[in-house]
Amino acid sequence: MPTSADARPGPMVPVPFAVASKRQETDDTWTLELSPPGEKGIAFAPGQFTMISAFGAGEVPISISGDPAGNGTLVHTVRAVGLATSAICRASPGEVLEVRGPFGRPWPVDEVEGRDVLVIAGGIGLAPLRPALLALLARRERYGRLLLLYGGRSPDQLLYVEELERWRVSGLEVAVSVDSAGPEWLGHVGVVPRLVGRSSFDPARAAALVCGPEVMMRFTVSALREAGVDAANVYASMERNMQCGIAHCGHCQLGPTLVCRDGPVYRWSELENWLRIREL
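What follows covers the overall build of the chain. Within the chain, the secondary structure is distributed over 7 helices and 15 strands. For 280 residues, the compact-globule estimate of 2.2 N^0.38 gives 19 Å, and the C-alpha radius of gyration of the chain, at 19 Å, lies within 12% of that figure. In terms of overall dimensions, the chain has C-alpha extents of about 55 × 45 × 40 Å along its principal axes. A total of 280 residues make up the chain; the buried ones form 52% of that total. Contacts spanning at least 24 positions in sequence make up 71% of the contacts within the chain whose residues lie at least 6 apart. Put simply, the chain shows about 13200 Å² of open surface, and 53% of that area lies on carbon and sulfur atoms. Averaging the locations of the 27 positively and 31 negatively charged side chains of the chain gives two centres separated by 3 Å.

Right, here's the structure in full:
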């Protein structure tokens, strides 16, 4: 019979995690590694999120960006855009943040086995996709072509720059584009959806995992559909105002669904009718 020491807290009870390390990615974005209390970490699936709080600054949902086969620590890449996220980004190694979760429906890395897989990210949307990329590369032989199509506003806004090179060596085809750049940039210039038309894959056996600003995802899916990829084989991670994480508060309602429970990862075929409704 489990003892009280073995019992996990309920989903509404935050757990203190210490900041183990911190790395600045861009001028307003940091990656934090959080260590759990004791020796046992939190298991998670690629695409899930946690609710993180810094004392006195509120709680926000942040996608997990670490390796699902890792050592039990949690890794989050956070952009400082408000009171809570700014406080989280200011946390120094040794300080404590509180974590609930993980929550949500993950990326379908098992369902897409045997397919060509396109991982398509815009800006900080690469952070929720990083665990899926690591899981795909860990089982590289189970998939066809693996492609990462990634775009940012400018070269200095790109995430995981050194890791992009390591992924190339590991068998990932990487195409990076920026919206604008100076003469020192030798890569593509243009929006992410244009990379779809430049890529080589079999649309009949392709699946796509997409995350980024909603407008970017809409145009990316249009490009995928034009290339012949069925909407049922396109998956997207949605952002809505998630406050409880357990489908009780209703703030993240999207059509008949609650993003914290039924998402954040959806098939595009589940989303497209609802996203046609203006300002839904």
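Still more to cover.
The tally for this structure, following the rule as stated, stands at 16 salt bridges. For Glu272, the salt bridge goes to Arg225, with nearest N and O atoms at 3.5 Å. With Glu272 in helix 7 (residues 268-275) and Arg225 in helix 5 (residues 214-227), this residue pair connects regions lying 47 residues apart in the sequence. Arg225 sits in the partly exposed class, given a relative accessible area of 41%. If you follow the salt bridges from partner to partner, you end up with Asp110, Glu113, Arg139 and Arg142 in one network.

As a general point, the strands of a sheet are linked pairwise by backbone hydrogen bonds and lie either parallel or antiparallel. Taken in spatial order, the 7 strands make up an open sheet running 10-9-8-7-11-12-15, and their pairing is mixed. A single partner strand is all that each edge strand has here, and the edge strands are strand 10 (188-189) and strand 15 (265-267). Across 3 bridges, strand 11 (residues 206-211) lies against strand 12 (residues 234-237) in parallel orientation. Looking at the pairing, Ala208 lines up with Val234 of strand 12. Lying on the sheet, helix 2 (residues 126-138) is in contact with strand 7 (116-122), strand 8 (146-152) and strand 11; it crosses strand 7 at an angle near 155°. Most of the contacts of helix 7 go to strand 15, to which it runs at about 90°, and overall it touches strand 12 and strand 15.

Every buried residue belonging to helix 7 is among Trp268, Leu271 and Leu275, and all of these are buried. Buried residues of helix 7 fall within an arc of 65° about the axis and therefore sit on the same side.

Take the confidence of the model for the chain next. Reading fine detail from the predicted coordinates is not recommended where pLDDT is low. Averaged over all residues, the pLDDT of the chain equals 92, while 96% of them reach at least 70. Every residue in residues 1-6 is under pLDDT 50, and counting partners more than four places away or in other chains gives 0 contacts.

Another aspect to go through is the sheet that holds strand 1 (residues 15-26). Taken together, the 6 strands give an open sheet; going across it, the order is 4-3-6-1-2-5, and neighbouring strands pair in antiparallel fashion. Looking at strand neighbours, the two that pair on one side only are strand 4 (58-63) and strand 5 (74-79), the edges of this open sheet. On average, adjacent strands in this sheet sit at an angle of 40° to one another, irrespective of strand direction. Relative to the sheet, helix 1 (residues 83-90) contacts strand 1, strand 2 (29-35), strand 3 (49-54), strand 4, strand 5 and strand 6 (96-103), its axis offset from that of strand 4 by approximately 75°.

Burial analysis of strand 8 places 7 of its 7 residues in the buried class, the great majority of the element. Neither face of strand 8 is open: one carries Leu146, Leu148, Tyr150 and Gly152, the other Leu147, Leu149 and Gly151, and all of them are buried. Where the polypeptide runs from strand 7 across helix 2 and back to strand 8, its parallel neighbour, the crossover connection is right-handed. Two elements, strand 8 and strand 9 (residues 173-178), share 6 bridges in a ladder whose sense is parallel. Among the inter-strand pairings, Leu147 is bridged to a residue of strand 9, identified as Glu173.

Reading guide: rules and limits
- Residues numbered from 1 in each chain as written.
- Predicted model: local features only at pLDDT ≥ 70, side-chain atom pairs only at ≥ 80, totals over all residues.
- Heavy atoms only, no water.
- Helix = DSSP H or I, 4+ residues; strand = E, 2+ residues; numbered from the N terminus.
- Rg over C-alpha atoms; globule rule 2.2 N^0.38 Å.
- Buried < 20%, exposed > 50% of the residue type's maximum accessible area, 1.4 Å probe, protein only.
- Contact = heavy atoms within 4.5 Å.
- Areas by Shrake-Rupley, 256 points an atom, 1.4 Å probe, with all protein chains shown as cover.
- Lys, Arg positive; Asp, Glu negative; His and termini not counted.
- Charge placed at Lys NZ, Arg CZ, Asp CG, Glu CD.
- Salt bridge = Lys/Arg side-chain N within 4 Å of Asp/Glu carboxyl O.
- Pairing = 2+ DSSP bridges.
- Axes fitted to C-alpha atoms, helices over the stretch in contact; angles between N-to-C directions.
- Arc of directions from axis to C-beta.
- pLDDT = per-residue confidence, 0-100.
- Right-handed = clockwise from strand over helix to strand, strands pointing away.

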